[in-house]
Amino acid sequence: MRVEAIILLFLGVFFGIVGIVYWFWSYEDAGTAMLVGTSALGFLPGSYYMFWHRRMGHRVEDRTDASIAEGAGDINSFPGSSIWPFVLGMGAFLTLLSLVFGIWLILPGISLILSAAIGVTAESRRGGHV
Amino acid sequence: MTDVTDVTDVLAPPAPGTGLDELPDLHRSPDAAGHGPQDGHAGHGHDEHGPTGILKWLTSTDHKVIGMSYMITSIVMFYFAGIMALFIRLQLSSPHSSLLTFGQYNELFTMHGSLMLYLFAGPFAFGGLANYVVPLQIGAPDMAFPRLNALSYWLYLTGSITMMMGFGVAGGAASFGWVAYAPLSSATSSPGIGGDVWIMALVLTGFSAIFTGVNLVATIFYLRAPGMTMFRMPIFTWNMLVTGILILIAFPVLTSGLIMLFCDRHFGTHIFTVGGCHLVTGAVTQTCGSPLLWQNLFWFFGHPEVYILALPFFGIVTEVLPVFSRKPVFGYKGMVFATMAIAALSTGVWAHHMFTTGAVLLPFFSFLSLLIAVPTGIKFFNWIGTMWHGQLIFTTPMLFSIGFLLAFLMGGVTGIMLASPPIDFATHDTYFVVAHFHQVLVGTAVFAGFAGFYYWYPKMFGRLLNDTLGKWHFWLLFVGFWVTFMPQYVVGLKGMPRRVASYPSNLGWQSYNVVSTIGAFIIAFSFGIMLWNLWAAWRKPVPAGDNPWDAHTLEWFTTSPPPHHNYTHLPPIRSERPTWDYNHPDSVAVPHGLAAEAAHRARQKEPVA
Amino acid sequence: MVGTALLLAGCKVPNFGEYPGATTQGKTENHLWQLFFIAGLVVGGFVLLLILWAVFRYRRKSEEMPKQTQYHTLMEITYTVVPILIVVGLFVFTVLAENNVDATPPDPGATITVHAFQWGWEFEYPGGPGSGCANPGSPTANQNDCVKVIGQTTQNPTMVIPTGTEVQINLNSLDVLHGFYVPQFNFSRYASPGYTTSFDFNALHTGDFRGQCTQLCGLYHSLMFFNVKAVTQSKFATWLHAQQALVKSHPSSVPKLPSGVSTGSSTNSSSNNQGGDLYGD
Ligand code: HEM
Ligand SMILES: [Cu+2]
Ligand SMILES: [Cu+2]
């Protein structure tokens, strides 16, 4: 996690500096706001990862000498297939189109989104297939 | 090529760099246990009880299926946009052509640009190739969030459909250019739902990109195989990590900008249009709303976007050149730091697209823009260093990569010119800029993009593409490319503005435009040959084998195409070239430093065939 | 100033396709262009040669395994440091040229206010002594007393400017973004609603120069032409006096903006005629 954290923290520092220079040189608010936001985008996850690195040390994927066998075991459960992303996608599609073609489209749109939300939760409880 | 059926660590070659970069055996805390995709999945790696047919495609969460869907959709978009480009070029081949009306012309270049940038180049790279290749390259069984990954694809597909719907709605498609500058994109200046459809298309694909960005970063951070440290990741994966981070920086800004634009168009706000509230200060009535704000937001997205479209393709080239030079990538660490430097700088240069507004801080943006040339130069020299003293094999992907080097060199040099505000004043919004960004974008998305396509096609389909047809494709594209875009520099310097449907006939511009149009048709022809090649490969499959190129990285270790969860076995990972190390135990990379080199030479006493 | 001297040494250098620049500002830009072009030629040519050398020299000749070199620290430092130096050099010249091109000294020889609109241009000059328009574009100017030139699409308006003196242009737009571009001056600037931007021309010689809108502004963007006519200062004064007299004697002769274009820059409005090709051929 260490390299990962450092990359993000570096982002935070870099955009912090650029943001400060930019503000005092131009007094332009939109750009400064975005630079500061970007800086935060580096600091927040960066310090989170640094925290975890401190707690758990080097993982097998961080160690240059780790053997493949050391990583044995389940990493995660990966769903083999699921219909819900498709349903959710269609729901988002109809919902956004309702803003253009007529608000009635929001009904099927929202219902698809809701059923996808319920479906995917149930699926995760069951553990999905594979 | 060694055909590996069963690999254990016992068979493993002596670890390269032993004693050099080995860390002391740190104790592994229990939290870290259970990471590692391998044996845990060997038993139930096949999704035999899953659905089949169309339902399989609709429900698949396999990164390979999703990656392939992305790739096919984006290449279809590329062909659509290419056909639009041909119409645009035909219109311009005579000064007052009546092929298209002015309105149709504006729709076509807007859609051409939008399709190429939002629906082809980006999704092809980070949705298609990266989705397919990154988990394989780091030895992961899938992306970190497979369902989110599937959702990304559906949002991308529906976004693409929404974009194309523009041509069918009353008033026609959006016609305010791919940058949708306010206030031209306002409801008064661009009424009609073409603009709204365009906005919604980009909201959908914007979320799709953000989800893909999250997925890429999480996958690379959490799902690497044991021993695959950050500094052993292939450069393509590195570049996709940085691209993922850039997506997370840039796309939220675009999406929020689009939502504000939609509010301006429909809910009476005046965020980007002058008007609405009137502040009365003394005798002067000031108005709220700022067209400049849109430009700031848009380019804060737009310039990083340019690198979101470039870094993945740099990554592809950095995979292809070493493999066909039979050497490791030269200056691996320099390459990684250059990528990060480019990404960081690219977020601080947005207003170089706004030099001619007369309202931005010129020296700040011009200095940072010029500075990007440095890491880009480092990359160039590293690519050349990779080829230096190599044994170059000119397969189709290699030719495309060299085409990229030449195209991007030209586009890069003119880019440095444009980073200088006075020169930008003279050339902004002329065909000089059109030529510049096409040389950059065709260099990356087309030359490097199709280098990747030809390179990984055997892995994806287990079949070889015909190399002769591939070379025809390359050479025609290469010739067509220069014929199309070089005259545009000249006519741009003579003062021909971009986005014009007609031009005065007495200025001598026509001949340049005719040449450019001929070039465009040569490019189109070359892509006809690619279709033929695909068709031929489909009709008469030539099996590819697992590792047809004698390549370096992990994805070439598994079968072509890979099984459901990618790997049943993995070689030990001791450098950024695990497959190569396995196949060529005596040709490990010469590591850093002179002492190390002497040690290496001693080991090399017995040359291998 | 060292920079300018160095740039001037480039006088005999070809223009590499660009206009030599008909204003002092355009000329400065042209010198910068020459510098960048030559630098690009040298650096780009060098890299090109390296690529071609690698491609032709190292094509595969045998099955022998090439040496697996991965790093060469000294080389890598060199090609990091040298580009930085080049870039800093280019930046210095950029800033020097930029300060010249962007300067708007006080007391210009003429001031012209330019309003861009869909799809044409309005050029405003001050009215004569005693008229209510000494400073066109200012909120207190009586628009009916100003000297105006207006033209759209097929009738191109002509902006008359004096040579050999600074001409200040105050530019904005009455509707969407436009781009004020005179190719032979090597200069363009956005015309934006909401704010006014100023820049100077100092024409080196008399002549007619074509100008055109460069920023996409809707349907007839391709037809937004104008002309710039640079005349001697005495001719300019004669012309302006004649115009001012005309405004005074025939106020109705002051051209009007086409209906549908608002006169203030406070709101966006536009006529959205969805016509086809104006040429009709
Ligand atoms: C392969 C052959 C291509 C040809 C012949 C071509 C041709 C053109 C033409 C004629 C224009 C219109 C110029 C104008 O009217 O101002 C244009 C605009 C544009 N093209 Fe391409 N193009 C090609 C590939 C690409 C690619 C690969 C990309 C990006 C990945 C791309 C991105 C754009 C963009 C962003 C615009 C500007 C659209 C706008 O002004 O809003 N083009 N292209
Ligand atoms: Cu940019
Ligand atoms: Cu225009």
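Since the model is a prediction, treat every value here as computed from it, not as a measurement.

Asker: Explain the overall build of chain C here, please?
Answerer: Scanning chain C for helices and strands turns up four helices and ten strands. Put simply, chain C runs from its N terminus to its C terminus through helices and strands in the order α-α-α-β-β-β-β-β-β-β-β-β-β-α. Residues counted as buried form 50% of the 281 residues belonging to chain C. Carbon together with sulfur atoms contributes 63% to the accessible area of chain C, which is approximately 12,200 Å² in total.

Asker: It is not clear to me how the side chain of B:Gln295 should be interpreted in this structure. Could you clarify?
Answerer: With respect to the helices and strands, B:Gln295 occurs in helix 8 (residues 291–308). Take B:Gln295: its relative accessible area is 1%, and that puts it in the buried class. Residues within four places of B:Gln295 in sequence aside, it is in contact with B:Tyr181, B:Met354, B:Thr357, C:Leu177 and C:Tyr190.

Asker: Please explain the coordination of the copper ion (ligand 2) as it appears in this structure.
Answerer: Octahedral metals with six donors have ideal donor angles of 90 or 180 degrees. Tetrahedral metals with four donors have an ideal donor angle of 109.5 degrees. Residues and elements named next belong to chain B. Around the copper ion (ligand 2), the protein supplies His-303 (ND1), His-352 (NE2) and His-353 (NE2) as donor atoms, at distances of 1.5 to 2.0 Å. Look at where the donors of the copper ion (ligand 2) fall in the sequence and you get H-x48-H-H. With respect to class, His-352 is no different from His-353; both count as buried.

Asker: Before we go on, may I ask you to explain the environment of B:Leu418 in this structure?
Answerer: Residues and elements named next belong to chain B. With respect to the helices, strands and loops of the structure, Leu-418 is situated in helix 13 (residues 396–418). Put simply, Leu-418 and His-352 are 66 residues apart on the chain and 8.4 Å apart in space, counted from C-alpha to C-alpha. Leaving out residues up to four positions away in the same chain, Leu-418 has contacts with Phe-355, Asp-424, Thr-427, Phe-432, Val-433 and His-436.

Asker: Which parts of the structure should I look at to understand the coordination of the copper ion (ligand 3)?
Answerer: All names here are of chain C. With distances of 2.2 to 2.7 Å, the protein atoms coordinating the copper ion (ligand 3) are Cys-213 (SG), Gln-215 (O), Cys-217 (SG) and His-221 (ND1). Around the copper ion (ligand 3) sit four donor atoms, and with donor-metal-donor angles ranging over 86 to 129 degrees the site reads as tetrahedral. The motif formed by the donor residues of the copper ion (ligand 3), counted along the single chain, is C-x1-Q-x1-C-x3-H. The buried category is assigned to Cys-213, whose relative accessible area is 0%. Judged by its relative accessible area of 0%, His-221 falls in the buried class.

Asker: Please explain helix 3 (residues 73–102) of chain C as it appears in this structure.
Answerer: Side chains three or four residues apart in an α-helix point the same way, a direct result of the helix having 3.6 residues per turn. The terminal C-alpha atoms of helix 3 of chain C lie 43 Å apart, and with 30 residues this matches the ideal 44 Å at 1.5 Å per residue to within 8%. What helix 3 of chain C keeps buried is the set C:Glu76, C:Tyr79, C:Pro83, C:Val87, C:Leu90, C:Phe91, C:Phe93, C:Thr94, C:Ala97, C:Glu98 and C:Val101.

Asker: What's the story with the state of the cysteines in this structure? I'm lost.
Answerer: A covalent bond bridging the sulfur atoms of two cysteines is what the word disulfide describes. Residues and elements named next belong to chain C. The full count for this structure, using the stated rule, is one disulfide over all chains. Here Cys-133 connects covalently by a disulfide to Cys-146, the sulfurs 1.9 Å from one another. Disulfide Cys-133-Cys-146: the torsion about the S-S bond is 100 degrees, which places it as right-handed. Residue Cys-133 is located in the loop between strand 2 (120–125) and strand 3 (147–152), and its partner Cys-146 is located in the loop between strand 2 and strand 3; the two are separated by 13 residues in the primary sequence.

Scoring rules and cut-offs
- Residues numbered from 1 in each chain as written.
- Chains lettered and ligands numbered in written order.
- Predicted model: local features only at pLDDT ≥ 70, side-chain atom pairs only at ≥ 80, totals over all residues.
- Heavy atoms only, no water.
- Helix = DSSP H or I, 4+ residues; strand = E, 2+ residues; numbered from the N terminus.
- Buried < 20%, exposed > 50% of the residue type's maximum accessible area, 1.4 Å probe, protein only.
- Areas by Shrake-Rupley, 256 points an atom, 1.4 Å probe, with all protein chains shown as cover.
- Contact = heavy atoms within 4.5 Å.
- Donors = N, O, S within 2.8 Å, 3.2 Å for Na, K, Ca; no water.
- Tetrahedral: all angles 85-135°; square planar, octahedral: opposite > 155°, others 65-115°.
- Expected span 1.5 Å × (residues − 1).
- Disulfide = S-S within 2.5 Å.

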